[in-house]
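Chain residues, written in single-letter form:
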Amino acid sequence: MQSLCVFCGSNGGKNPVYRSAAYAVGKLLAERDIELIYGAGNVGLMGTLADAALEHGGRVVGVIPQFLMEKEVGHTGLSELIVTDTMHQRKQIMSDRAEGFLAMPGGFGTLDEVCEILTWAQLGLHQDPVGLLNVEGYYTGLGGFFDHIVTEGFLSQANRNMVFMHEDVSTLLQQMDGYQPPATEKWLDNAQV
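Residues numbered from 1 in each chain as written. Predicted model: local features only at pLDDT ≥ 70, side-chain atom pairs only at ≥ 80, totals over all residues. Heavy atoms only, no water.

Structural notes on the pattern of salt bridges
Going through the model one piece at a time under the given rule, you end up with seven salt bridges. When the shortest N-O distance is used, the salt bridge between Glu31 and Lys27 registers 2.7 Å. Of this pair, Glu31 and Lys27 are both found in helix H1 (residues 16-31), four residues apart, which corresponds to roughly one turn of the helix. Glu31 sits in the partly exposed class, given a relative accessible area of 49%. Taking relative accessible area as the criterion, Lys27 reaches 30% and is therefore assigned partly exposed. Among the salt bridges present, the one from Asp112 reaches Lys91, with a minimum N-O distance of 2.8 Å. (Salt bridge = Lys/Arg side-chain N within 4 Å of Asp/Glu carboxyl O. Helix = DSSP H or I, 4+ residues; strand = E, 2+ residues; numbered from the N terminus. Buried < 20%, exposed > 50% of the residue type's maximum accessible area, 1.4 Å probe, protein only.)

This is how it looks when you write it as structure tokens:
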């Protein structure tokens, strides 16, 4: 991967380990010469992530809608800042520019982004890997819910396997590098079609 889109919180969370993880991810991407694409915030995990990548000589591309420039305190010291009109444009540009997607701890916005990008993968709109960085078990419950969706017949196991999860970012990136998209198209229960 030459570019990675990272979704994460505009807040720092209560546990300082989240900021430490964001710093470690930014530093690692810079050291591996992987361009960071993210939501352009200068606060919370977003700011820590970007600052770490920049501090270690990385290239950082931020994408933010105009109405969030003030609310999320848009980062003005990036390698490239793209200001959009809408959230939809933001997500489309991030998707178009990235060769993989990684979600760190965050709130509804982070969940929205990672679920939308997984949906696009399921529909064959991209064939890039998706990973959840499971800092302190942050995504363990979500992974369990994904398994529940399979058990209840709303998701195929092949599509469930599209998302990787690990607590170590180096291991997660290695898993993502070996990603092979499922050969099947969006799964439907043909008995009910």
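Some thoughts on helix H4 (residues 87-97)
Since there are 3.6 residues in each turn of an α-helix, residues three or four apart along the chain are aligned in direction. Those residues of H4 not exposed but buried are Arg90, Lys91, Met94 and Ser95. Along the axis of H4, the buried positions cluster into a sector of 125°, meaning they face one direction only. Exposed and oriented more than 90 degrees from the buried face of H4 are His88 and Asp96. (Arc of directions from axis to C-beta.)

What to know about unusual backbone geometry
Although it is not a glycine, Asp33 adopts a positive phi angle of roughly 60°. Mapped onto the secondary structure, Asp33 falls in the loop between H1 and strand S2 (35-38). Judged by relative accessible area, Asp33 falls into the exposed class, the value being 67%. Positive phi, close to 50°, is recorded for Glu136, a residue that is not glycine. Inspection of the secondary structure assignment puts Glu136 in the loop between strand S6 (130-133) and helix H6 (140-151). By relative accessible area, which is 60% here, Glu136 ends up exposed.

Some details on the pairing of strand S3 (residues 60-65)
Side-chain direction in a regular strand flips from residue to residue, so the side chains alternate between the two faces of the sheet. The element S3 is largely enclosed, with a buried count of six among its six residues. Across the two faces of S3 the burial is the same, with Val60, Gly62 and Ile64 and Val61, Val63 and Pro65 all buried. When S2 meets S3, the two strands line up parallel, connected through three bridges. Looking across to S3, one finds that Ile37 is bridged to Val61. Relative to strand S4 (residues 80-84), S3 runs parallel, the two being bridged by five bridges. Paired with Pro65 across the strands is Thr84, a residue of S4. (Pairing = 2+ DSSP bridges.)

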